[in-house]
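Structural characterization, general
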Amino acid sequence: MADSDCLHPQHVMVELKLGHVEQGLNLSAEACWNQVGDDWRFFIEHGKVFGFLDEDQRLIASAAALPHDSRFGFVSMVLVTKRWRRNGLATRLVNRCIEWLDRHELMPVLDATADGARVYVRQGFVSQFALDRWQLVPSGGPDAPVPAPDVPWPASEDSLPIAELVALDARATGAARPRLIGDFLARSTTRLFVSPGRNGFAIMRRGRNALQVGPLVASSSDVAISLVQKILCSTDEPIFVDVPAMAVPFGQWLKSRGFTVQRSFERMALGRSLPFGRPAELFSSAGPEFG
Ligand SMILES: CC(C)(COP(=O)(O)OP(=O)(O)OC[C@H]1O[C@@H](n2cnc3c(N)ncnc32)[C@H](O)[C@@H]1OP(=O)(O)O)[C@@H](O)C(=O)NCCC(=O)NCCS
């Protein structure tokens, strides 16, 4: 569905459909991001994804707005192909996401890369807290895509009713996310890890470059550490964990196990510096694209 928003005569803002998933993946792969097709599909099915196409109908920029059952929604997948950067495309797309969330009375929240933050500060986004992406690369490097397994992992022995997972997640993040949690769990290669006291859980899903751990919600650092210990026993593939920088003892423990900080993000919201939920119980976000 084209709208009248044109930057260049040949650049038309469109709303992305499922048929754009492959092109979306090309954009996120160009930036070496970790998303897989299921992630793009989720944004298109459950949120609004806007993009710019060039004269050959190629996707050259994107941004997504994802509503949560909360007072806020997430803005993500802000990507502009190298050739078309510094032309105002990201600004236009993020403005469209802000408008869409505003119509649903949701405050825009996002996890910004350093480049992204330069765009968002101009739009009125303010910092809430920092997150570090800790990565463990047992062998080789994280740049090569992880081959999908021929068969799904064996079903995890851990389980907890989805309502309990959603409630723990909502306490930590400030948003009920049953569709997101349900989607992650429905993917055949996802694994769920639950603490013995049922006071914490971690979801691990397959990404393009590494296994993505998150959300990881726990009542304490010790519970979070025990969940990651369990995860480390289950795989020797590269792992990403997106940890709020305030979780210092947890970060120190990750470092002692060989994790290193690959990059950092800034949780930002439009005009609100006070975080939602209880960040002290969030030990890994669901990734910068979901929060
Ligand atoms: C970050 C990104 C989306 C910006 O896209 P863009 O279309 O180039 O951004 P805009 O043209 O709207 O930039 C608006 C303003 O933000 C600032 N800005 C944007 N990118 C900048 C950069 N790399 N360095 C310094 N300032 C920058 C500038 O003030 C710019 O205005 P100007 O060009 O008139 O000086 C793009 O660089 C990108 O795709 N990067 C890789 C993926 C990524 O990090 N995405 C953000 C995820 S949170």
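Everything numeric in this text was worked out from a predicted model, so none of it was measured.

Remarks on the packing of aromatic side chains
By the definition in use, this model includes six aromatic pairs. Judged by centre distance (5.4 Å) and plane angle (80°), the ring pair of F184 and F290 falls under edge-to-face. Placement of the pair is F184 in helix α6 (residues 178–186) and F290 in the segment after β13 (282–284), with a sequence separation of 106 residues. We classify F184 as buried; its relative accessible area is 0%. Given the relative accessible area of 0%, F290 is considered buried. Connected via pairs of aromatic rings, a cluster forms that spans F42, F43, F184 and F290.

Some thoughts on helix α5 (residues 162–173)
Counted at 1.5 Å a residue, the expected span for α5 with its 12 residues is 16 Å, and the 16 Å between its end C-alpha atoms agrees. All of the buried residues in α5 are L165, V166, L168, D169, A172 and T173. Buried residues of α5, seen end-on, are gathered within an arc of 165° and therefore sit on one face of the element. Where α5 is buried, its residues meet β5 (72–80), α6, β8 (191–194), β9 (200–206), β10 (211–218) and β13. Count one or two residues on from α5 and you reach G174, which has phi positive near 85°.

Definitions and cut-offs
- Residues numbered from 1 in each chain as written.
- Predicted model: local features only at pLDDT ≥ 70, side-chain atom pairs only at ≥ 80, totals over all residues.
- Heavy atoms only, no water.
- Phe/Tyr/Trp six-rings, centres within 6.5 Å; stacked < 30°, edge-to-face > 60°.
- Helix = DSSP H or I, 4+ residues; strand = E, 2+ residues; numbered from the N terminus.
- Buried < 20%, exposed > 50% of the residue type's maximum accessible area, 1.4 Å probe, protein only.
- Expected span 1.5 Å × (residues − 1).
- Arc of directions from axis to C-beta.
- Contact = heavy atoms within 4.5 Å.

Any functional reading would require information beyond the geometric quantities listed.
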